[in-house]
Amino acid sequence: MKRSLSTFGIVFVLSFSAASLQAQDGSSYKSGIGLRAGGGYYDVIAASFKTFVTTPGAVEINLGFRPYGITGYSWFNLSGSASYQHHFPIGSIEGFRWFVGGGATVFNTFSNYDDYKGFGLGIFPTGGVDYKFGNIPLNVSADIRPTISVIKPYKYYNSFYAGNAGVSARYTF
């Protein structure tokens, strides 16, 4: 009995893997890793990893930073964010999709000035477009993430930032 269950499990996993590989063509991808450049309060450049957990659904994880400075003061943000994105095709353009979703970000602001340091937490809806080139392992995307601060890291931090937009480029595999 144990042997037949093991055999069934192996056959199931292999057939699922084969179907998954067969479903991918040159204009689709399973995962990608690269960079995201954005205009957020908590990061301006971030490492970006995106992986599809279902055919239309992907998870994107970013680890980023942003330096700040005004006359006499400087501080630095270190951040991590994660979002779920549900993708939809755009017309008949192969590899071109739009997405909607949401996520959260955590960040810490480091400064030698007490008014500009602390831990922050934000949530955001997200939307954008995603394109996978058919002949090379490259994906590019553009998104917007208007962020609502749940925990403000310091007293001068805005509770809402609508201008958090970014572009990403990722090597796909």
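Above this text is the structure in question.
Below: a short report on this structure. (Residues numbered from 1 in each chain as written. Predicted model: local features only at pLDDT ≥ 70, side-chain atom pairs only at ≥ 80, totals over all residues. Heavy atoms only, no water.)

## Considerations on the overall build of the protein
What the protein contains, in helices and strands, is one helix and 10 strands. Overall, the protein shows an N-to-C arrangement of helices and strands of α-β-β-β-β-β-β-β-β-β-β. The buried share among the 173 residues of the protein stands at 35%. In the structure as shown, the protein presents an accessible area of about 9500 Å², 71% of it carried by carbon and sulfur atoms. (Helix = DSSP H or I, 4+ residues; strand = E, 2+ residues; numbered from the N terminus. Buried < 20%, exposed > 50% of the residue type's maximum accessible area, 1.4 Å probe, protein only. Areas by Shrake-Rupley, 256 points an atom, 1.4 Å probe, with all protein chains shown as cover.)

## Side note on the packing of aromatic side chains
This model, assessed by the stated rule, comprises 16 aromatic pairs. Centre to centre, the rings of F88 and W98 are 4.6 Å apart; their planes meet at 25°, and the pair counts as stacked. In this pair, F88 is assigned in strand 4 (residues 73-89) and W98 in strand 5 (residues 96-111), connecting sequence segments 10 residues apart. A relative accessible area of 29% means that F88 is categorised as partly exposed. Residue W98 is classed as partly exposed on the basis of its relative accessible area, which comes to 37%. Seen in terms of ring centroids, Y154 and Y157 are 5.5 Å apart; in terms of plane orientation they differ by 85°. Their pairing is edge-to-face. You can call Y154 buried: its relative accessible area is 8%. A relative accessible area of 4% means that Y157 is categorised as buried. The ring of F99 has K50 lying over it, and the distance from NZ or CZ to the ring centre is 4.9 Å. (Phe/Tyr/Trp six-rings, centres within 6.5 Å; stacked < 30°, edge-to-face > 60°. Lys NZ or Arg CZ within 6 Å of the ring centre and 35° of its normal.)

## Topic: the pattern of salt bridges
Counted by the stated rule, this structure contains seven salt bridges. The partner of E60 in a salt bridge is R145, and the shortest N-O contact between them spans 3.5 Å. Of this pair, E60 sits in strand 3 (residues 57-70) while R145 sits in the loop between strand 7 (138-144) and strand 8 (147-151), placing them 85 residues apart in sequence. For the pair formed by E60 and R145, the shared burial category is buried. Put simply, D114 and K117 hold a salt bridge, and the shortest N to O gap is 3.1 Å. Residue class for K117 comes out partly exposed when judged on its relative accessible area of 36%. It is possible to trace a salt-bridge network through shared partners that takes in R36, E60, D143, R145 and R170. (Salt bridge = Lys/Arg side-chain N within 4 Å of Asp/Glu carboxyl O.)

## Examining the environment of A165
Along the polypeptide, A165 turns up in strand 10 (residues 165-172). Overall, the relative accessible area of 35% leaves A165 in the partly exposed class. Discounting chain neighbours no more than four positions away, the residues touching A165 are R36, A37, G38, G39, D143 and I144. (Contact = heavy atoms within 4.5 Å.)

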